[in-house]
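Each chain, letter by letter, is given below.
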Amino acid sequence: GAGVSQSPSNKVTEKGKDVELRCDPISGHTALYWYRQSLGQGLEFLIYFQGNSAPDKSGLPSDRFSAERTGGSVSTLTIQRTQQEDSAVYLCASSSQGEQFFGPGTRLTVL
Amino acid sequence: RKEVEQDPGPFNVPEGATVAFNCTYSNSASQSFFWYRQDCRKEPKLLMSVYSSGNEDGRFTAQLNRASQYISLLIRDSKLSDSATYLCVVTIQGAQKLVFGQGTRLTINP
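Here we summarise the structure given alongside this text. (Residues numbered from 1 in each chain as written. Chains lettered and ligands numbered in written order. Predicted model: local features only at pLDDT ≥ 70, side-chain atom pairs only at ≥ 80, totals over all residues. Heavy atoms only, no water.)

## Considerations on the interface of chain A and chain B
And then number 1: On the side of chain B, 13 residues touch chain A, which itself brings 15 residues to the contact.
And then number 2: Viewed at the interface, chain B and chain A are joined by 0 salt bridges.
And then number 3: Secondary-structure elements contributing two or more residues to the side of chain A that touches chain B are strand 4 (31-37) and strand 5 (43-50) of chain A.
And then number 4: When the residues that make up the side of chain A that touches chain B are grouped by side-chain class, the tally is 8 nonpolar, 5 polar and 2 charged. (Contact = heavy atoms within 4.5 Å. Salt bridge = Lys/Arg side-chain N within 4 Å of Asp/Glu carboxyl O. Helix = DSSP H or I, 4+ residues; strand = E, 2+ residues; numbered from the N terminus. Nonpolar A, V, L, I, M, F, W, Y, C, P; charged D, E, K, R; others polar.)

This is the structure:
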């Protein structure tokens, strides 16, 4: 069956521009997560959506980061006024009641 | 102090060797424990959950010591295909997010 998909797979942008990253979770999974993996760093939690509940935004590093999940399915992570330190792989995961399944990630490079 | 700490390695071991990884976690409210595997430029994938009683899956054995807040992974008869980064992961009671260690890089040499 289809796994978690993310687009684009790679994104190169200039400092100061806004970017949108997309995640399509596994069908039927109610929970969706965004993580970030910077070079040489571990995976860092960003935000979590569960059904219609208010999202857990406790991991977002600044107010330049936001995310939404429309219709309980697709999610978009938006980074405004990108900075070079935003360069990382952004990973999305989804789960039903247990294991989190990760997508292939979006590699973001901010020049 | 990081919530989950691992020796980053790298570990370079010959094929067929036994290798052990350790991990410590700082939050006593940690509830669930996992080892994930991440291949180069790929997403993490669940290798196995870790239980207090210890659990084994083929060549892989995981142990949890709640008193010492310590998790281990043992790989026996290592294969070339075991080369990857191994991530120690916990969840905190009341939260759904995964908290990752920085990973231990393993290379199995022929």
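## A look at the environment of G103(A)
And then number 1: Counting through the fold element by element, G103(A) comes out in the loop between strand 9 (101-102) and strand 10 (106-110).
And then number 2: Separated by 17 residues in the primary sequence, G103(A) and D86(A) have C-alpha atoms spaced 19 Å apart.
And then number 3: Sequence-distant contacts of G103(A), defined by excluding residues within four places in its chain, comprise V4(A), Q6(A), L91(A), C92(A) and E43(B).

## Some remarks on the layout of surface pockets
And then number 1: Considered as a void within the structure, the largest pocket measures approximately 940 Å³ in volume.
And then number 2: Lining the largest pocket are 35 residues, with Q37(A), R107(A), Q38(B), C40(B) and R41(B) positioned closest to its centre.
And then number 3: Put simply, the parts of the chain that give the lining of the largest pocket at least two residues each are strand 8 (88-95) and strand 10 of chain A together with strand 9 (84-92) and strand 11 (104-109) of chain B.
And then number 4: Classifying every residue of the lining of the largest pocket by side-chain character gives 11 nonpolar, 18 polar and 6 charged. (1 Å grid on protein atoms, 1.4 Å probe; cavity = no way out; pocket = protein on both sides within 12 Å on 5 of 7 lines; lining within 4 Å. Points joined across faces, edges and corners; volume = space filled by probe spheres on them.)

## A word on the environment of E3(B)
Residues and elements named next belong to chain B.
And then number 1: Inspection of the secondary structure assignment puts E3 in the segment before strand 1 (4-6).
And then number 2: A sequence separation of 57 residues divides E3 from F60, and the C-alpha atoms of the two residues are 24 Å apart.
And then number 3: Once you skip the residues sitting within four places of it in the chain, E3 turns out to touch T24, Y25, S26, N27, I92 and V99.

## Brief notes about the state of the cysteines
All names here are of chain B.
And then number 1: Enumeration over the complete set of coordinates arrives at 2 disulfides over all chains.
And then number 2: Here C23 pairs with C88 through a disulfide, and the sulfurs are 2.0 Å apart. Its torsion about the S-S bond being -75 degrees, the disulfide of C23 and C88 is classed as left-handed. Taken as a pair, C23 in strand 3 (residues 19-25) and C88 in strand 9 lie far apart in primary sequence, 65 residues in all. Taken as a pair, C23 and C88 share a single burial class, namely buried. (Disulfide = S-S within 2.5 Å. Buried < 20%, exposed > 50% of the residue type's maximum accessible area, 1.4 Å probe, protein only.)

## Considering the sheet that holds strand 6 (residues 55-57) of chain B
All names here are of chain B.
And then number 1: Taken in spatial order, the 5 strands of this open sheet run 1-3-8-7-6, and their pairing is antiparallel. A single partner strand is all that each edge strand has here, and the edge strands are strand 1 and strand 6. Direction aside, neighbouring strands of the sheet carry axes that sit 20 degrees apart on average.
And then number 2: Examined bridge by bridge, strand 3 and strand 8 (residues 70-75) share 6 bridges and lie antiparallel to one another. Counterpart to N22 in the pairing with strand 8 is S72. (Pairing = 2+ DSSP bridges. Axes fitted to C-alpha atoms, helices over the stretch in contact; angles between N-to-C directions.)

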